[in-house]
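Report on the structure
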Amino acid sequence: KVDGMSGVHGIAIASKLGHGFITSGNTKTVKMFDLKTLESLADIPVGADGPDGIVYEPITERVFVFEHRGAGMTVIDAKDGKVLKETPLPGQAEFPVVDGKGTVWDIIEDKSLILKIDAKEMKVLAQWPIGPTCEGPSGQAIDLANRRLFVGCNNEKMSVVDADTGKIIQTLPIGVHIDATAYDPETGLIYDANRSSVTIIHQDSKDTYSVVETLATLGRANTLALDMKTKKLYLSTARFEEKAGADGKQARPAMMPGTFAVLVYGK
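Residues numbered from 1 in each chain as written. Predicted model: local features only at pLDDT ≥ 70, side-chain atom pairs only at ≥ 80, totals over all residues. Heavy atoms only, no water.

For the rest of this paragraph, the subject is the environment of G70. In this structure, G70 sits in the loop between β6 (62-67) and β7 (72-77). The partly exposed category is assigned to G70, whose relative accessible area is 31%. Setting aside its immediate chain neighbours within four residues, G70 contacts A48 and D49. (Helix = DSSP H or I, 4+ residues; strand = E, 2+ residues; numbered from the N terminus. Buried < 20%, exposed > 50% of the residue type's maximum accessible area, 1.4 Å probe, protein only. Contact = heavy atoms within 4.5 Å.)

A separate point is the sheet that holds β6. The strand order across the open sheet formed by 4 strands is β5-β6-β7-β8, and the pairing between neighbours is antiparallel. Here the strands that pair on one side only, and so sit at the sheet edges, are β5 (51-57) and β8 (83-88). On average, each strand axis in the sheet is tilted by 15 degrees relative to the strand beside it, whichever way the strands run. Sheet topology note: the β5/β6 ladder contains 5 bridges and is antiparallel. When the sheet's bridge partners are listed, Y56 is paired in β6 with V63. (Pairing = 2+ DSSP bridges. Axes fitted to C-alpha atoms, helices over the stretch in contact; angles between N-to-C directions.)

What follows deals with unusual backbone geometry. That bond from G131 to P132 is cis: its omega, 0 degrees, falls within 30 degrees of zero. Within the fold, P132 resides in the loop between β12 (123-129) and β13 (137-143). Although it is not a glycine, K28 adopts a positive phi angle of roughly 60 degrees. On the secondary structure map, K28 appears in the loop between β2 (19-24) and β3 (29-34). Even without a glycine there, the phi angle at L38 is positive, about 65 degrees. Structurally, L38 is set in the loop between β3 and β4 (40-45). With a relative accessible area of 36%, L38 lands in the partly exposed category.

Attention shifts here to the side chain of S112. Secondary-structure assignment places S112 in the loop between β10 (103-108) and β11 (113-118). Judged by relative accessible area, S112 falls into the buried class, the value being 4%. Not counting residues within four places of it along the chain, the set of residues in contact with S112 comprises W128, P129, I130, G131, C134, E135, G136 and P137.

A few words on the pattern of salt bridges. By the definition in use, this model includes 13 salt bridges. Across the pair K111 and D110 runs a salt bridge whose closest N-O atoms are separated by 3.3 Å. Overlapping salt bridges bring together K16, E61, D77 and K79 as one network. (Salt bridge = Lys/Arg side-chain N within 4 Å of Asp/Glu carboxyl O.)

Inspection of every chain in the model, using the stated rule, returns 1 disulfide. Two residues, C134 and C153, share a disulfide whose sulfurs are 1.9 Å apart. The sign of the S-S torsion, about 95 degrees, decides the handedness of the disulfide formed by C134 and C153: right-handed. Highlighted residues: C134 in the loop between β12 and β13 and C153 in strand β14 (residues 148-153), separated in sequence by 19 residues. For C134, a relative accessible area of 0% corresponds to the buried category. With relative accessibility at 0%, the residue C153 sits in the buried group. (Disulfide = S-S within 2.5 Å.)

The next subject is the environment of D34. Relative to the helices and strands, D34 is located in strand β3. A residue is classified by how much of its surface remains accessible, and D34, at 22% relative accessible area, is partly exposed. Between the C-alpha atom of D34 and that of M256, which follows or precedes it by 222 residues, the distance is 31 Å. Setting aside residues up to four positions removed in sequence, D34 forms contacts with G18, E39 and L41. For D34, the side chain forms a polar contact with the main-chain nitrogen of K36, separated by 2.8 Å. (Polar contact = N/O pair within 3.5 Å; in protein donor to acceptor, adjacent residues only side chain to side chain.)

Quick look at the structure:
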């Protein structure tokens, strides 16, 4: 258990360096911790509000942090936790991916954009609009061999995008309120975690895809992790209590104590 955070969103692992990094949205910090002991090494302030998506880029040995509310990017040296650069972005940043060759891609939810980022120069190289085909992108995965991005969007669509040109190759139907996407290169399966289901899509060929199954889960189980060895899916959720706000409108639901659970699915 790693303590001392509030509003956790994402984690990045720098195995070679023995460091892990977790975004703490409410404190506007990134927790740096020791992978062996799980002890805290630093709480790194980030410039913009709401650090959310995070990824480790192995070529530069840097951690890229994307702020949702603050619409910005912070780059951290994974060796010592030093902030190297802070850059404003054009909108609400979500889930990033890397290719292991020095390129980072991030999605901008409120503007329906994909950003291509040079990890060495720490700057945006290209902005690719994907709306109205794919509106409100929130989940993203990458096929390294075929250079394809899988972008889950909140108009109940997932688009397959050329990672080098930004061209949309194919768009498929998924469920409501996507928030995470995973890809398994061994099976060719793509998993989109929706509000109460996982849409499973098969990669028939480099540029041809088909929906093969809709897996029913539980409400709000729309974050996801895939174990590449066991092929098990892990989703988290809880029970929530609906409440009315001060103005009579429905307020953000509160999680009921003791109801947090991790759902495990496998063949």
